[in-house]
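This is what each chain is made of:
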Amino acid sequence: MYDTGDDDPAKTNPRFWDELFLMKVNLEYLEGKLESLDGDEVMVVKDNINSLFHHCVLALEEEHQIKVVNALQTLCALFRGVHQKNKSATGFDIINMLVGFDKAELRMKVSHMFSVAFGELFQKMNVFVFQVTDNISQNTILEYVMINSIFEAILQIVSDVSSRGQHGYDAVVLLALLVNYRKYESVNPYIVKLSIVDDEPTLDGLGMVVHQALTEYNRQYKNKEEENHGGFFSTLTSMVGNMFIADTEEKLSVQTNEAILLALYEAVHLNRNFITVLAQSHPEIEMTAAPVTPIPTTPTSLGTTPPSLDMMHNPELPLDPNLQTSNLLITFLKYSSIVMQDTKDEHRLNSARLCLIILTCIAEDQYADAFLHDDNMNFRVNLHRMPMRHRKKAADKTIPSRPLVCAVLDLMVEFIVTHMMKEFPMDLYMRCVQIIHKLICYQKKCRIRLHYTWRELWSALINLLKFLLSNETTLLAKHNIFQLALQVVSLFNMFITYGDTFLPTPSSYDELYYEIVRMHQVFDNLYCMVLRVSTNVGQWKEPASKVTYALVNVRAIINHFNPKIESYAAVNHISQLSEDQVLEVVRSNYDTLTLKLQDGLDQFERYSEQPKETAFFKELVRSISVNVRKNVSLNTLSQDVLLKEFSSIS
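Here we summarise the structure given alongside this text. Along each chain, the written sequence defines residue order, and numbers are assigned to residues from 1. Reporting of local features is limited, given that this is a predicted model, to residues whose pLDDT is at least 70; pairs of side-chain atoms are given and counted only at 80 or more, and all residues count toward the totals for whole chains, interfaces and linings. Neither water nor hydrogens contribute to the side-chain values; these are computed over all heavy atoms in the structure.

Describing the packing of helix 22 (residues 328–339) against helix 25 (residues 404–418)
A pair of packed helices can be characterised by two numbers: the angle between their axes and the separation between those axes. At their nearest, the axes of helix 22 and helix 25 sit 11 Å apart, and the two run at 10 degrees to each other. Here helix 22 is positioned roughly parallel relative to helix 25, judged by the angle of their axes. Where helix 22 approaches helix 25, its residues Leu329, Ile330, Leu333, Ser336 and Ser337 are matched on the opposing element by Leu404, Ala407, Val408 and Leu411. In the scheme used here, Gly and all other residues not listed as nonpolar or charged are polar, with Ala, Val, Leu, Ile, Met, Phe, Trp, Tyr, Cys and Pro taken as nonpolar and Asp, Glu, Lys and Arg as charged. Per-class residue counts for the contact of helix 22 with helix 25 are seven nonpolar, two polar and no charged. Inter-axis angles, ranging from 0 to 180 degrees, are taken between N-to-C directions of lines fitted to C-alpha atoms, where helices are fitted over the stretch in contact. Secondary structure elements are defined from DSSP: runs of H or I of at least 4 residues count as helices, runs of E of at least 2 residues count as strands, and each element is numbered from the N terminus. Note that the term roughly parallel is reserved for angles under 35 degrees, roughly antiparallel for angles over 145, roughly perpendicular for angles of 65 to 115, and oblique for everything else. By definition in these notes, contact holds between two residues if any of their heavy atoms fall within 4.5 Å.

Here it is, written out as structure tokens:
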């Protein structure tokens, strides 16, 4: 390997650089040599490192495949070795150490290195970007990439069908991570550029990559689910009354893909034009029929769980009239229904939170709301439901074809019902209720009468209040449960005050009152609790007082109708009224009911990443970077692997 001493071998051998990259690279020696040098010694050989780096970049332009491969391996070793010295606080700048500030523009032909001509090695060319550190914001190499943008090269790969099939996933993950480089500390050009992309093929390509990755995850889960439902274990589980449901779910665990979710979030959050991609219809991929692609012995993709090669190599699927049409949003909702089932694992908790943040952004977008509620865009969305002992698994065929907003509401209801547990995910519950509120605000604004099973939502919300009351002491030690209770009561106030403008039928409004009266004990207990807390001095006095005020109309309904129901029962000598009889009492006594008009029910705070979500995204990006480094190493850059990839270049 090239000696890092003072003597320049090129002076004694004019063909040194031509011959160097024909030899197999001794990576261990090069990295070990750099590691053994202290700060002063590294500065002594700086010119030699600059020269080696320069000739590596030049060699990437060679037609000789072995030269290109060896130059690429050497570059990666240089990046890693020099960055390790930078981490040891020797004080030199990594870009100056590798390239030299005086020659950086001349030597670092970044745009060429990431050009489509080298698209077949796109992932390999980017290994060094994320290999040197877990925290990408501490990777000084990226500072140069901020100035000398590779954004257009990434978009080229995503927009081209062929290159997208080969390297679209890696390109999209790379873009998501670049967007998050020091995004809270300085102006990130990738954020600006992504926000203004309006090229339809590019946006479609980005959506296709995300869709395929999420579909692959859904397919893996579906396969595991089907395996689990067959055979002796399933029979034994059924025989003992589903005693092993928890164990079953553990076996169904599939590694989450936060990297591709982050890419979807950035696209939805930053680029309003991308919203249209969510609704674009195409044939639904039959997950159970998809062949299982063998897992390669050597990981070759960025991110946590890259999609199978069969998926990525066939991005354009033929139309089949027997297949239901699908879109990215449907696939995302199915993905969300899987990862949101179990939030005890940190990665799943992060995925669930990110899914809800994405849905929050979608629920706030006027165009997204328009297609979510479009009666002409009906889909049958089979969400995954958590196995629970007290309910049977719903048959897929019973799910009607409805506007997509119904699937979003189903997902929120499902989460609310299934996560009332000791380790209460307060943050996720707040986001769920806020998403519901934003959707209802749109329905109220546009007077959309959605035919939905609203009683299931009302029942879920009331049971949530009941849970908060039953676990007041435990939950208050960790959470401000009054904030969540206020959100839930405000939802009921929305239905009470404006329900006549968006509930599908007058009978739906009657059923709302019926549920409130039927479950009056929960609201009575809630009022007693918040009244008790608000009349005492303490940290919860103010938030409890807000709930007390919010309950005014709910209590007015209960206090108005309960005596009339009791009177009706007494007059007619009926010990227990039927639902129809209670509804008749409700309909007959609306005229004498007095309610207070509450302000701001249809107002909400729009989502803002800063400052509330800053810590979450910093930690999420760090976690993704760690997974990238686990899946990609210099070992994957073996000469044999790289030459094999080169041989496929047409």
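What to know about unusual backbone geometry
In the segment running from Gln610 into Pro611, the intervening peptide bond is cis, with an omega of 0 degrees. Along the chain, the position of Pro611 falls in the loop between helix 34 (579–588) and helix 35 (614–631). The phi dihedral of Arg182 is positive, around 45 degrees, even though this residue is not glycine. Mapped onto the fold, Arg182 is located in the loop between helix 14 (161–179) and helix 15 (189–195). Overall, the relative accessible area of 23% leaves Arg182 in the partly exposed class. The phi angle at Arg447 is positive, at roughly 50 degrees, despite the residue not being glycine. With respect to the secondary-structure elements, Arg447 resides in the loop between helix 26 (426–446) and helix 27 (454–470). Categorising residues by exposure relies on relative accessible area from a 1.4 Å probe, with only protein chains included: less than 20% of the type maximum marks a residue as buried, more than 50% marks it as exposed, and the intermediate range marks it as partly exposed. Residue Arg447 is classed as exposed on the basis of its relative accessible area of 58%.

Brief notes about helix 22
A helix is expected to span 1.5 Å for every residue after the first. Between its first and last C-alpha atoms helix 22 spans 17 Å; for twelve residues at 1.5 Å apiece the expected length is 16 Å, and the two agree. Among the twelve residues that make up helix 22, twelve are buried, leaving the element largely enclosed by the rest of the structure. Among the residues of helix 22, Leu328, Leu329, Ile330, Thr331, Phe332, Leu333, Lys334, Tyr335, Ser336, Ser337, Ile338 and Val339 are the ones counted as buried. Capping of helix 22 at its N-terminal end is provided by Asn327; its side-chain oxygen lies 3.1 Å from the backbone amide nitrogen of Leu329. N or O atoms closer than or at 3.5 Å make up a polar contact, with two conditions inside protein: a donor-capable atom paired with an acceptor-capable one, and, for residues adjacent in sequence, both atoms drawn from side chains.

Notes on the pattern of salt bridges
Between Lys or Arg on one side and Asp or Glu on the other, a salt bridge is scored when a side-chain nitrogen of the former is within 4 Å of a carboxyl oxygen of the latter. Applying the stated criterion across every chain yields a total of 22 salt bridges. Among the ionic pairs, Lys183 bridges to Glu609, the shortest N-O distance being 2.9 Å. Within this pair, whereas Lys183 is found in the loop between helix 14 and helix 15, its partner Glu609 is found in the loop between helix 34 and helix 35, the two being separated by 426 residues in sequence. Here the two residues Lys183 and Glu609 agree in accessibility, since each one is buried. Close ionic contact of Asp602 with Lys444 constitutes a salt bridge, the shortest N to O distance being 2.6 Å. Taken together, the residues Asp602 in the loop between helix 34 and helix 35 and Lys444 in helix 26 connect sequence positions 158 residues apart. A relative accessible area of 21% places Asp602 in the partly exposed class. Members of the salt-bridge network, linked through shared partners, are Arg353, Asp427, Arg431 and Glu613.

Focus on the environment of Phe561
Along the chain, Phe561 falls in helix 33 (residues 552–571). A relative accessible area of 0% places Phe561 in the buried class. Sequence-wise, Phe561 and Tyr513 are 48 residues apart; in three dimensions their C-alpha atoms are separated by 8.9 Å. Ignoring any residue separated from it by four or fewer positions in sequence, one finds Phe561 in contact with Tyr513, Val517, Val585, Val586, Asn589, Tyr590 and Leu593.

Comments concerning the packing of aromatic side chains
By convention, a stacked pair of Phe, Tyr or Trp rings (six-membered ring in the case of Trp) has centres within 6.5 Å and planes under 30 degrees apart, an edge-to-face pair has planes over 60 apart, and any other such pair is tilted. Counted under the stated rule, the structure contains 23 aromatic pairs. Judged by centre distance (6.3 Å) and plane angle (90 degrees), the rings of Tyr265 and Tyr607 are edge-to-face. Placement of Tyr265 in helix 19 (residues 258–270) and of Tyr607 in the loop between helix 34 and helix 35 is noted, with a sequence separation of 342 residues between them. Under the relative-accessibility criterion, Tyr607 is labelled buried at 15%. Their ring planes at 15 degrees and their centres at 4.6 Å tell us that Phe424 and Tyr429 sit as a pair that is stacked.

Focus on the environment of Ile260
Structurally, Ile260 can be placed in helix 19. Along the backbone, Ile260 and Val209 are 51 residues apart, and their C-alpha atoms lie at a distance of 8.7 Å. In this structure, Ile260 is in contact with Tyr169, Val172, Val209, Val210, Ala213 and Leu214, ignoring residues within four places of it in sequence.

Here's the deal with the packing of helix 33 against helix 34
One way to put it is that helix 33 packs onto helix 34 with a least axis distance of 10 Å and a crossing angle of 125 degrees. Classified by the interaxial angle, the pair formed by helix 33 and helix 34 is oblique. The handedness of the crossing between helix 33 and helix 34 is right-handed. Contact residues: helix 33 offers Phe561, Lys564, Ile565 and Tyr568, while helix 34 offers Gln581, Val582, Val585 and Val586. When its residues are assigned to classes, the contact of helix 33 with helix 34 shows six nonpolar, one polar and one charged. With the far helix as reference, a near helix turned anticlockwise by less than a right angle produces a left-handed crossing, and one turned clockwise produces a right-handed crossing.

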